[in-house]
Amino acid sequence: MQYPGNATPERFPARERFADGAQFIAGRLTKGTSGRTHTVVDPATGEDVYTYELAGTDDVDAAVAAARKAFGAWAGATPGERSDAMHRFAAVVAERAEDFARAESLQCGKPLKLSREFDVPGSIDNIAFFAGAARHLQGQSAGEYSGDHTSYVRREPIGVVGSVAPWNYPLQMAAWKILPAIAAGNTIVLKPAEITPLTSLLFARAATDAGIPDGVINIVTGTGREAGEHLVGHPDVAMTSFTGSTAVGRRVAAVATVKRVHLELGGKAPFVVFDDADLDAAVNGAVAGALINTGQDCTAATRAYVQRPLYEAFVERTAALMETVRIGDPFAAGTDLGPLVSHAQRERVAGFVDRARAYARVVTGGRAPGGELAAGAYYRPTLIAGAPQDSEAVQAEIFGPVLVVLPFGTDDEGIALANDTPYGLAASAWSRDVYRTGRATREIRAGCVWINDHIPIISEMPHGGYRASGHGKDMSAYSFEEYTQLKHVMFDNTAAVRKDWHRTIFGDR
């Protein structure tokens, strides 16, 4: 394994833990067998961090076999035993919190303060939540629904879960995939994005160190086309969970065929500002909601619809606030905005903005910074105004630090515009009027609607979308239930009843 460039102990304190490879199968790290390598790159500098052997189909087969072997004992453990193991897991991750935060910032480019204050604590909280949920999974109450028989419902684990996670929140996505699955008694094989595998591997190692049995959690780090498709279509994988783009989600659904499929896909979140809103609060919310994780968030504020009396002031103040955002080294204390995850992603975002110049006004941003940041995948916070509703900038998922602002007239128009994309993952509405906000929560078609805020998530509440944003929920008890299957059990209450059924079917003999 190679650790060139800036992968210093200070920036990457856990680096020696990856010396044996980037595949975690049956409790140990191994090298991939595809015959090809991949290099993790620090997007802040463009320097290489870690080169490893990619997983091939043989590695996927080995990981699925390990998960299948571990399933019986793990599914047979009591809820209390699984819960205790997961509480120990949370404690190990908390002990190694700084290692997780630095690895996450190094591979993604996100500010270290975001990793420390959001990604790592959120993942620890998720472990604790599902450790508790493991002891509270319930079926329907027993009852005599046919009169002479007693019925009840069992919730049982499904089997081996094959999950594919994206690169924007590698640690949290690993948590969202792994935790409800194992809490319910399943075992799992997770394929993280090959450009950001480090914290997923640390996460699996922490679980094993906490006493979760070998094979319950496995990681295969390979390409989506080879390792990902083989995992999704594997005959011994009983359920697939995928987070990523809508286009790839359609491919996952096709490859997975008849097995259960959970899809959390793209978003184009509207940010609706009514004319009685607190303008300062809305401006602050828009900038924070648009720029979190450098805009690489499927729930990020991307389309601001502002009622005309506030529109010009909103555009002016939002642009001014964006220009104060401090762009820089993710490991520097004062950094607000780091680079995009890669130079390829930066060029993709820049392409959207450059094309938008033909039909809209770029109010601020719209370029990469120079000077000492020139080598990184940085892009300035960008505000676009005057784009038509049917334009690419309004309809497509840009996935970068770009906010498009459009005016609207009546409340009816604002809600109609908010719903006018194929997506439906998240939205927010800003008003002091409880009737307006209540209407927004009812009529905006999205899996989450925030009122006078944008972007907060909590372990107890579900995350998932409508329409082209997929189906199924992450986090919460609703997610937990999706990783189980229902079984109806029915008891015959009396011997006389059995005799009656015999007579009904065969007659008197």
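Calculation notes
- Residues numbered from 1 in each chain as written.
- Predicted model: local features only at pLDDT ≥ 70, side-chain atom pairs only at ≥ 80, totals over all residues.
- Heavy atoms only, no water.
- Helix = DSSP H or I, 4+ residues; strand = E, 2+ residues; numbered from the N terminus.
- Rg over C-alpha atoms; globule rule 2.2 N^0.38 Å.
- Buried < 20%, exposed > 50% of the residue type's maximum accessible area, 1.4 Å probe, protein only.
- Contact = heavy atoms within 4.5 Å.
- Areas by Shrake-Rupley, 256 points an atom, 1.4 Å probe, with all protein chains shown as cover.
- Lys, Arg positive; Asp, Glu negative; His and termini not counted.
- Charge placed at Lys NZ, Arg CZ, Asp CG, Glu CD.
- 1 Å grid on protein atoms, 1.4 Å probe; cavity = no way out; pocket = protein on both sides within 12 Å on 5 of 7 lines; lining within 4 Å.
- Points joined across faces, edges and corners; volume = space filled by probe spheres on them.
- Nonpolar A, V, L, I, M, F, W, Y, C, P; charged D, E, K, R; others polar.
- Pairing = 2+ DSSP bridges.
- Axes fitted to C-alpha atoms, helices over the stretch in contact; angles between N-to-C directions.
- Parallel < 35°, antiparallel > 145°, perpendicular 65-115°, else oblique.
- Left-handed = near helix turned anticlockwise from the far one by under 90°.
- Core = buried A, V, L, I, M, F, W, Y, C linked by side-chain atoms within 4.5 Å.
- Expected span 1.5 Å × (residues − 1).
- Polar contact = N/O pair within 3.5 Å; in protein donor to acceptor, adjacent residues only side chain to side chain.
- pLDDT = per-residue confidence, 0-100.
- Phe/Tyr/Trp six-rings, centres within 6.5 Å; stacked < 30°, edge-to-face > 60°.
- Lys NZ or Arg CZ within 6 Å of the ring centre and 35° of its normal.

A word on the overall build of the protein
- Each helix and strand in the protein was counted, giving 16 helices and 19 strands.
- The C-alpha radius of gyration of the protein comes to 25 Å, within 12% of the 23 Å expected for a compact globule of 509 residues.
- Counting the 509 residues in the protein, one finds 58% classified as buried.
- For the protein, long-range pairs separated by at least 24 residues make up 73% of all intrachain contacts whose partners lie at least 6 apart in sequence.
- Entry remark: accessible area of the protein is about 19,900 Å², with carbon and sulfur atoms responsible for 52%.
- In the protein, 50 positive and 59 negative side-chain charges are present, and the distance between their average locations comes to 4 Å.

What about the layout of surface pockets?
- Roughly 1,000 Å³ of internal volume is contained in the largest pocket.
- Taken together, 43 residues form the lining of the largest pocket, with P166, F242, T243, G244 and S245 sitting closest to its centre.
- Of all the secondary structure elements, the ones that give two or more residues to the lining of the largest pocket are α5 (170–183), α7 (224–232), β9 (239–243), α8 (246–256) and α11 (343–356).
- Taken together, the residues of the lining of the largest pocket break down into 22 nonpolar, 12 polar and nine charged.
- Considered as a void within the structure, the second largest pocket measures approximately 350 Å³ in volume.
- If you trace the second largest pocket, you find 19 residues lining it, with V287, A288, L291, I292 and D336 closest to the centre.
- For the lining of the second largest pocket, the elements supplying multiple residues, two or more each, are α4 (112–133) and α9 (279–291).

With respect to the sheet that holds strand β15 (residues 402–408)
- Across the sheet, which stays open at both edges, the seven strands sit in the order β13-β14-β15-β12-β11-β16-β17 with mixed pairing between neighbours. One side of each edge strand has no neighbouring strand; the edge strands of this open sheet are β13 (361–364) and β17 (448–451). Mean inter-strand twist for the sheet, computed between neighbouring axes without regard to direction, equals 25°.
- Those strands touched by helix α14 (residues 434–443) are β12 (301–307), β16 (426–430) and β17, and its axis lies near 165° from that of β17.

Topic: the packing of α5 against helix α6 (residues 198–209)
- The geometry of α5 relative to α6 is characterised by a closest axis approach of 8 Å and an angle of 45° between their N-to-C directions. Between α5 and α6, the interaxial angle falls into the category oblique. Where α5 crosses over α6, the handedness of that crossing is right-handed. Of the residues in α6, those in contact with P170, L171, A174, A175, I178 and L179 of α5 are T199, S200 and F203.

Some remarks on the nonpolar core
- Membership of the largest hydrophobic core comes to 68 residues, with the highest contact counts inside it found for M86, F89, I182, F203, I212 and I217.
- Examining the composition of this core, we find that 10 residues originate from one element, α5, more than from any other.
- When residues no more than four places from it in sequence are discounted, the contact partners of I217 are F24, I178, I182, I188, A204 and A207.
- Ranked by size, the runner-up nonpolar core spans 30 residues in total, among them A277, A304, V306 and V405.

Let's talk about helix α2 (residues 79–95)
- Helix length check: α2, at 17 residues, gives a terminal C-alpha distance of 25 Å against a target of 24 Å (1.5 Å per residue), a fit within 8%.
- All of the buried residues along α2 are G80, R82, S83, A85, M86, F89, A90, V92 and V93.
- Of the surrounding elements, those touching the buried residues of α2 are α1 (57–76), α3 (97–108), α4, α5 and α6.

Describing the side chain of S431
- Relative to the helices and strands, S431 resides in the loop between β16 and α14.
- For S431, the side chain forms a polar contact with the side chain of D276, separated by 2.8 Å.
- Among the polar contacts listed, one links the side chain of S431 to the backbone nitrogen of D433, at a separation of 2.9 Å.
- In this view, S431 contacts F274, D276, A277, R436, T437 and N452; residues no more than four positions away in its chain are not counted.

Brief notes about unusual backbone geometry
- Phi at M475 takes a positive value of approximately 60°, unusual for a residue other than glycine.
- Along the chain, M475 falls in the loop between β18 (470–471) and α15 (476–482).
- Among the residues examined, M475 registers a relative accessible area of 2% and is labelled buried.
- Phi at S476 takes a positive value of approximately 70°, unusual for a residue other than glycine.
- Mapped onto the elements of the fold, S476 is located in helix α15.
- On the basis of relative accessibility, which here comes to 0%, the residue S476 falls in the buried class.

Remarks on the confidence of the model for the protein
- Scored by pLDDT, the protein has a mean of 93; 95% of the residues are at 70 or more.
- Low pLDDT, under 50, characterises residues 1–5; the predicted model gives this stretch 22 contacts beyond four residues in sequence or across chains.

Structural notes on the pairing of strand β14 (residues 382–385)
- Burial along β14 is two-sided: the face carrying T382 and I384 and the face carrying L383 and A385 are both buried.
- Summarising the sheet, β13 and β14 pair through three bridges and their orientation is antiparallel. By the bridge assignment, R361 is partnered in β14 with A385.
- Note: β14 against β15, four bridges, orientation parallel. Its bridge partner being in β15, T382 is matched across the sheet by V402.

Describing the packing of aromatic side chains
- Tallied over the entire structure, the rule returns 12 aromatic pairs.
- Judged by centre distance (5.6 Å) and plane angle (80°), the ring pair of W167 and F399 falls under edge-to-face. Taken together, the residues span a long stretch of sequence, with W167 in the loop between β6 (160–164) and α5 and F399 in the loop between α12 (392–395) and β15 at a distance of 232 residues.
- Grouped by ring-pair contacts, the aromatic residues F12, F18, Y50 and Y52 constitute a single cluster.
- Positioned above the aromatic ring of F352 is the side chain of R355, whose terminal nitrogen or guanidinium carbon lies 5.0 Å from the ring centre.

Here's the deal with α8
- The set of residues buried in α8 consists of T246, G249, V252, V255 and A256.
- Those residues of α8 that are buried lie in contact with α7, β9 and β10 (260–264).
- Trailing α8 by a residue or two, T257 shows a phi angle of about 50°, which is positive.

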